Amino acid sequence: MSLLTNVMDHSLDDGYAEAAARKKAAGESGMPKTLRAKLGLAAGLVLAALVVTVGAAQARVAAPVVAKERQELIDRIDKETTSADKLEGSVDTLRDDVSARQRAALKTSGGSGQADLVSMLSGATAVHGPGVKLVVDDAKEASSGGGDNPRETADFSDTGRVRDRDMQRVVNGLWAAGAEAVSINGQRLTALSAIRAAGDAILVDNRPLVPPYTVLAVGDGQRLSTRFQNAADGLYLHALEDNYGIRATIAVESDLRLPAAPSVIVRTAQPRTEKGTS
């Protein structure tokens, strides 16, 4: 208690106290005493005040100019954004027109069964029928991994996140099991569809998807489900569930509806010749 009392009563160090006492006895202070020193201090204060005043005045004069330039820049951005939106709308309209013409070209006026099959398999037309619904989702406590891209890890989905290669195996497994048409989150897949990763997102034909990933596959539902789950790709998906917490459910559906692909690219074409004509 004596130590605490001493600290409370003598908060200033003894050495500092003695130095302050000597300075006071000698009549020293921090303020200048000579007239020349006082004038120098006053001149310095006046100069500092002048600099601050001039700076404030310049800022006030330049403020309207800066505001005008800022508004002009905002107007230019708005104008260019509007122009870009119009161009994007024109591109979408032309793309839809091209897609419609391509889908129409795959059909025949006689309603040939072979042409209808080609149209369905190519994704040119919307389809519906029995099949399976497979929902794949990240683990509940998915991490982002140690690298910049959490989907580029070495062993399976060791971050708890579904990767692009996982979805590739799921889709390929469904095709191999007998699926006639497949879509992911409403995006119809064709023979030219690409499933890739960009950062944390999975892209299907350059369109980003977000989990959960709902995969619809049209075909013989029960047979499709059994063949997929017993094949290598189905066992791969089960391994992701058991080892890394990836969530997946599969169900047989009586009627699934898949949209047409947004665009069908025709790379090669040959004229059709009718057989049996003389």
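Residues numbered from 1 in each chain as written. Predicted model: local features only at pLDDT ≥ 70, side-chain atom pairs only at ≥ 80, totals over all residues. Heavy atoms only, no water.

(A) Broad picture of the sheet that holds strand β5 (residues 201-204). Across the sheet, which stays open at both edges, the 3 strands sit in the order β4-β5-β6 with antiparallel pairing between neighbours. Single-partner strands in this sheet number two, and they are β4 (195-198) and β6 (207-209). Put simply, the sheet's adjacent strands are angled 40° from each other on average, direction ignored. When β5 meets β6, the two strands line up antiparallel, connected through 3 bridges. (Pairing = 2+ DSSP bridges. Helix = DSSP H or I, 4+ residues; strand = E, 2+ residues; numbered from the N terminus. Axes fitted to C-alpha atoms, helices over the stretch in contact; angles between N-to-C directions.)

(B) Quick peek at the packing of helix α6 (residues 221-230) against helix α7 (residues 232-244). One way to put it is that α6 packs onto α7 with a least axis distance of 4 Å and a crossing angle of 70°. When the axes of α6 and α7 are compared, the pair comes out roughly perpendicular. Between α6, through F228, Q229 and N230, and α7, the contact on the second element is made entirely by A232, D233, G234, L235, L237 and H238. Partitioned by chemical class, the residues of the contact of α6 with α7 number 4 nonpolar, 4 polar and 1 charged. (Parallel < 35°, antiparallel > 145°, perpendicular 65-115°, else oblique. Contact = heavy atoms within 4.5 Å. Nonpolar A, V, L, I, M, F, W, Y, C, P; charged D, E, K, R; others polar.)

(C) Focus on the nonpolar core. Ranked by size, the top nonpolar core spans 27 residues in total, and within it V136, M167, L174, I184 and L237 carry the most contacts. Among the secondary structure elements, those contributing two or more residues to this core are β1 (127-137), α5 (164-176), β2 (181-184), β5, β7 (213-218), α6 and α7. Looking at this core element by element, the count peaks at 4 residues for α5. With residues up to four places along the chain from it excluded, the contact list for L174 reads V132, A179, V215, A217, L224 and F228. Ranked by size, the runner-up nonpolar core spans 6 residues in total, among them V127, L216, V218 and L258. (Core = buried A, V, L, I, M, F, W, Y, C linked by side-chain atoms within 4.5 Å. Buried < 20%, exposed > 50% of the residue type's maximum accessible area, 1.4 Å probe, protein only.)

(D) Layout of the sheet that holds β2. Reading across from one edge, β3-β2-β7-β1-β8 is the order of the 5 strands in this open sheet, with antiparallel pairing throughout. In this open sheet, the two strands that pair with only one neighbour each are β3 (187-188) and β8 (247-258). Across the sheet, α5 is in contact with β1, β2 and β7; its angle to β2 comes to roughly 160°. Its contacts with the sheet put α6 on β1, β7 and β8, and the angle it makes with β8 is roughly 150°.

(E) A look at α6. When α6 is considered as a whole, its buried residues turn out to be G221, L224, S225 and F228. Burial along α6 is one-sided: seen end-on, the buried residues are contained in an arc of 95°. Those residues of α6 that are exposed and aimed more than 90 degrees away from the buried face are R223 and N230. Contact partners of the buried residues in α6: β1, α5, β7, α7 and β8. (Arc of directions from axis to C-beta.)

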